[in-house]
Amino acid sequence: THGESPSTSLWKSSGHAVQFPALGDSPCVRCANNSYSPRNSTTIYLCQCNAGYSGNTVDADGNGCEPCAESFYKDTVSHDACTPCANPTHFSPLASTLASACTCNVGFYNSSTADECVPCAEGSYKDWLGFDGCKRCPDPNTHSPPASSELANCTCNA
């Protein structure tokens with residue numbers, strides 16, 4: 001079958017031309033990894049990277065589409081490049097498919113409605129992704145540097 005799902009998209013190489021075979025001909029060949037072609041496609045050039053992936057889909061070795069890097073996303077099946085999170089203080093996991101995956105990184109929180117992540121204050125930390133606030137160091141006799149990303153950053157005062 002041709003282009004039934006992003007993981008099973010197929011094309012056929014016939015000499016130098018790359019196209020889907022006619023009904024009853026030899027089997028199709030897969031598009032590059034992490035790419036998709038619409039049903040009844042006639043050329044490898046119709047293979048496009050899945051959401052969360054970008055790159056060159058014309059790769060007979062199957063190595064074409066790579067995951068979007070951290071802090072990038074791609075929400076379409078297309079040849080488009082991955083889009084960076086709108087705010088440089090935001091983070092998204094590898095191969096993110098939605099802009100909403102962009103959130104505050106560890107050590108940062110959202111302080112206002114401006115959708116901007118700011119570092120946790122001295123004496124606090126945040127060891128998870130998200131817009132919510134930082135936790136204070138548990139002992140008042142400890143401190144941590146700004147943007148601390150783990151409880152271990154809370155150390156005894158000198």
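What this report covers is the structure whose coordinates are included nearby. Note that this is a predicted model, so its numbers are computed, not measured.

Attention shifts here to the environment of C154. With respect to the helices, strands and loops of the structure, C154 is situated in the loop between β16 (142-143) and β17 (155-156). Residue C154 is classed as buried on the basis of its relative accessible area, which comes to 14%.

Now for the state of the cysteines. Going through the model one piece at a time under the given rule, you end up with six disulfides. Paired by a disulfide, C49 and C65 hold their sulfur atoms 2.1 Å apart. Taking the torsion about the sulfur-sulfur bond, which here is approximately -85°, the covalent link between C49 and C65 counts as left-handed. Separated by 16 residues along the polypeptide, C49 in strand β5 (residues 48-49) and C65 in strand β7 (residues 65-67) bring together distant segments of the chain.

Here we come to the environment of G133. Looking at the secondary structure, you find G133 in the loop between β14 (124-125) and β15 (135-136). Residue classification places G133 among the partly exposed positions, given a relative accessible area of 37%. When neighbours within four sequence positions are excluded, G133 is seen to be in contact with Y109, K126 and W128.

The next subject is unusual backbone geometry. A positive phi angle, near 65°, is found at A95, a position not held by glycine. Relative to the assigned elements, A95 resides in the loop between β10 (90-91) and β11 (103-104). On the accessibility criterion, A95 (21% relative accessible area) is partly exposed. Its identity is not glycine, yet A147 carries a phi of approximately 65°, on the positive side. Note on placement: A147 falls in the loop between β16 and β17. On the basis of relative accessible area, A147 is assigned to the partly exposed category, the value being 28%.

Thresholds applied
Residues numbered from 1 in each chain as written. Predicted model: local features only at pLDDT ≥ 70, side-chain atom pairs only at ≥ 80, totals over all residues. Heavy atoms only, no water. Helix = DSSP H or I, 4+ residues; strand = E, 2+ residues; numbered from the N terminus. Buried < 20%, exposed > 50% of the residue type's maximum accessible area, 1.4 Å probe, protein only. Disulfide = S-S within 2.5 Å. Contact = heavy atoms within 4.5 Å.

Treat this as a map of the structure, not an account of what it does.
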